Amino acid sequence: MNCKGRFIFRYIEKRDAGSFTDDNGKEVRYDSSYNLKLDEIVEGKPVERKFKIPLSNNSLANDFFNLEPYSACEVVFDINLYANSVKLTPKQVIAVGEDKK
């Protein structure tokens, strides 16, 4: 299943693999990935949205790297439904021009 939304691109950066200790004292490891930050305008105010892009998806990451910070974009997502949550995974980005109002 897919959906798309309009956002303001903030930035994308590579995050190295690492680990941390959770509240229960258990070590949690995570893989390297690209961290993507977008703003969604909700009721006239920007709301930060964060997404991960796997390092293996260089094509998508490069599409975001080619965007200017604070430019408008449309992002297509894969929707993954789980028992207690929904995960949106970016799969395509399209730069869009400014709306003239």
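Rules behind the numbers
- Residues numbered from 1 in each chain as written.
- Predicted model: local features only at pLDDT ≥ 70, side-chain atom pairs only at ≥ 80, totals over all residues.
- Heavy atoms only, no water.
- Pairing = 2+ DSSP bridges.
- Helix = DSSP H or I, 4+ residues; strand = E, 2+ residues; numbered from the N terminus.
- Core = buried A, V, L, I, M, F, W, Y, C linked by side-chain atoms within 4.5 Å.
- Buried < 20%, exposed > 50% of the residue type's maximum accessible area, 1.4 Å probe, protein only.
- Contact = heavy atoms within 4.5 Å.
- Patch = residues over 30% accessible without salt bridge, like charges linked within 9 Å, V, L, I, M, F, W, Y side chains within 5 Å.
- Areas by Shrake-Rupley, 256 points an atom, 1.4 Å probe, with all protein chains shown as cover.
- Salt bridge = Lys/Arg side-chain N within 4 Å of Asp/Glu carboxyl O.
- Arc of directions from axis to C-beta.
- Axes fitted to C-alpha atoms, helices over the stretch in contact; angles between N-to-C directions.
- pLDDT = per-residue confidence, 0-100.

### Some remarks on the pairing of strand β1 (residues 2-15)
Of the pairings in the sheet, the one linking β1 to strand β6 (residues 72-81) comprises 7 bridges and is antiparallel in character. Looking across to β6, one finds that Asn 2 is bridged to Asp 78.

### Focus: the nonpolar core
Ranked by size, the top nonpolar core spans 16 residues in total, and within it Phe 9, Ile 12, Leu 36, Leu 38, Phe 64, Cys 73 and Val 75 carry the most contacts. Only β1, β4 (33-42), β5 (45-54), α1 (58-65) and β6 provide two or more residues apiece to this core. In this structure Val 75 touches Cys 3, Lys 4, Gly 5, Phe 7, Leu 38, Phe 64, Pro 90, Gln 92 and Val 93, once residues within four positions along its chain are discounted.

### Section: a nonpolar patch on the surface
Residues Met 1, Leu 81, Val 86 and Leu 88 make up a contiguous nonpolar surface patch of about 420 Å² in total accessible area. Met 1 sits in the exposed class, given a relative accessible area of 65%.

### Points about α1
The set of residues buried in α1 consists of Leu 60, Ala 61 and Phe 64. Across the axial projection of α1, the buried residues extend over an arc of 100°, all falling on one side.

### Quick look at the sheet that holds β1
On the basis of which strands lie adjacent, the open sheet formed by 5 strands has the order β5-β4-β1-β6-β7 and antiparallel pairing. A strand with exactly one partner marks an edge of an open sheet, and here the two such strands are β5 and β7 (86-95). Between one strand and the next, the sheet's axes are offset by a mean angle of 45°, whatever the strand orientation. Packing against the sheet, α1 makes contact with β1, β4, β5, β6 and β7, and its axis sits at approximately 60° to β7.

### Thoughts on the pattern of salt bridges
Taken as a whole and judged by the stated rule, the model has 8 salt bridges. Ionic pairing is found between Arg 29 and Glu 27, a salt bridge with its closest N-O pair at 3.5 Å. Of the residues examined, Arg 29 reaches a relative accessible area of 66% and is grouped as exposed. A salt bridge links Lys 37 to Glu 48; the nearest nitrogen and oxygen atoms lie 3.9 Å apart. With Lys 37 in strand β4 and Glu 48 in strand β5, this residue pair connects regions lying 11 residues apart in the sequence.

### Concerning the confidence of the model for the protein
Averaged over the protein, the pLDDT score is 93; the fraction of residues at 70 or greater is 96%. Between the elements of the protein, mean pLDDT differs from a low of 94, seen in strand β3 (residues 27-30), to a high of 97, seen in β4.

### Points about the environment of Pro 69
Mapped onto the elements, Pro 69 comes out in the loop between α1 and β6. On the basis of relative accessibility, which here comes to 48%, the residue Pro 69 falls in the partly exposed class. For the pair Pro 69 and Phe 9, spaced 60 residues apart in the sequence, the C-alpha separation amounts to 5.7 Å. Not counting the four nearest positions on each side in its chain, Pro 69 is found in contact with Phe 9 and Arg 10.

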